[in-house]
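# Fold and contact review
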Amino acid sequence: MNNNPSHIAIIMDGNGRWAEIQGNNRTYGHEKGSEVVRSITTYCAKNPEINRLTLYAFSTENWKRPKLEVEFLMKLLQKYLKKELPTYLKGNIRFQPIGDLSGFSASLQKTIVEVQEATRHCTGLTQSLALNYGGRDEIIRAAVTLQASNTPISHDLITSALDCDCDVDLLIRTGGDHRLSNFMLWQSAYAELFFTDTLWPQFTTEELEKIIHKFKQVERRFGGLH
Ligand code: IPE
Ligand code: IPE
Ligand code: MG
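Here is a short report on the structure shown in this document. Everything numeric in this text was worked out from a predicted model, so none of it was measured.

## Points about the site of ligand 2
Close to ligand 2 lie Ile 11, Met 12, Asp 13, Tyr 56, Ala 57, Phe 58, Asn 62, Arg 65, Arg 173, Arg 179 and Ser 181. Note that an oxygen atom of ligand 2 is positioned 2.9 Å from one of the side-chain N or O atoms of Asn 62. Contact between ligand 2 and Arg 65: an oxygen atom at 3.1 Å from a side-chain N or O atom of the residue. Counting residues per element, the shell around ligand 2 draws most heavily on strand S2 (residues 52-59), which supplies 3 residues. Across the shell around ligand 2, the residue classes tally to 5 nonpolar, 2 polar and 4 charged.

This is the structure in structure tokens:
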């Protein structure tokens, strides 16, 4: 058995609880969580087996949170992207956001597009941040696009109309809950699912390495026989 963890997707959950356990504001957890985004991305960029890393950063449902927390997350995202551009370039990492970016302010959209453009030539890891992303929303947007095209519907056509046209091999959720929360519904059809109680700010490259090691032992049958 030698599975290749070509596309890893992570539901980065547990920031708020991590901060609250220590008597801090939830926002502190998001700040710490953004540092883990950097370290995990850098690790994946150095591993030639990993071609794509998709990180769930803000869901279509996260707008339900208190206004102050949402505003903090928007500012943090903008700050992160501006600050980390050298990390992307140094690591030959291409930034490719997924989700409905039209939900964001003009200024944040501009920063997102700038980083996307500035890293377009990078040929190493593709890092996707899922921003205002929902699996159902992605499928609906794809269906609306296809409705206008009058082309016969097929698996490949639907895949190509989605924000992300790449199947997930390994899907990880931190934070102890065992659910998808509307993440990569189409792309995860045959993903291997790994759940850990570790809260995202505490997640390490060592734990990721252990998960990849276990992933490699799994027999993936895709509905066939071994
Ligand atoms: C995940 O951590 C980050 C986002 C959803 C933006 P949470 O903020 O959901 O943290 P918990 O799950 O409440 O601890
Ligand atoms: C999923 O975490 C979304 C992100 C990690 C961005 P949530 O904390 O929003 O998920 P639920 O509410 O526990 O399902
Ligand atoms: Mg959560």
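## Remarks on the pairing of S2
Counting buried positions along S2 gives 7 out of 8 residues, so the element sits mostly inside the fold. Across 5 bridges, strand S1 (residues 7-11) lies against S2 in parallel orientation. The partner of His 7 across the bridge, within S2, is Arg 52. By the bridge criterion, 7 bridges tie S2 to strand S4 (residues 126-133) in an arrangement that is parallel. Along S4, the bridge assignment pairs Leu 55 with Leu 129.

## A few points about the site of ligand 1
Taken together, the neighbourhood of ligand 1 is formed by Met 12, Asp 13, Gly 14, Asn 15, Gly 16, Arg 17, Arg 26, His 30, Ala 57, Asn 62, Arg 65 and Leu 73. Contact distances for ligand 1 include 2.9 Å between an oxygen atom and a backbone N or O atom of Gly 16. In this structure, an oxygen atom belonging to ligand 1 sits 2.7 Å away from a main-chain N or O atom of Arg 17. Of all elements in the fold, only helix H1 (15-21) and helix H2 (26-46) reach the threshold of two or more residues within the shell around ligand 1.

Rules of the game
- Residues numbered from 1 in each chain as written.
- Chains lettered and ligands numbered in written order.
- Predicted model: local features only at pLDDT ≥ 70, side-chain atom pairs only at ≥ 80, totals over all residues.
- Heavy atoms only, no water.
- Near = heavy atom within 4 Å.
- Polar contact = N/O pair within 3.5 Å; in protein donor to acceptor, adjacent residues only side chain to side chain.
- Helix = DSSP H or I, 4+ residues; strand = E, 2+ residues; numbered from the N terminus.
- Nonpolar A, V, L, I, M, F, W, Y, C, P; charged D, E, K, R; others polar.
- Buried < 20%, exposed > 50% of the residue type's maximum accessible area, 1.4 Å probe, protein only.
- Pairing = 2+ DSSP bridges.

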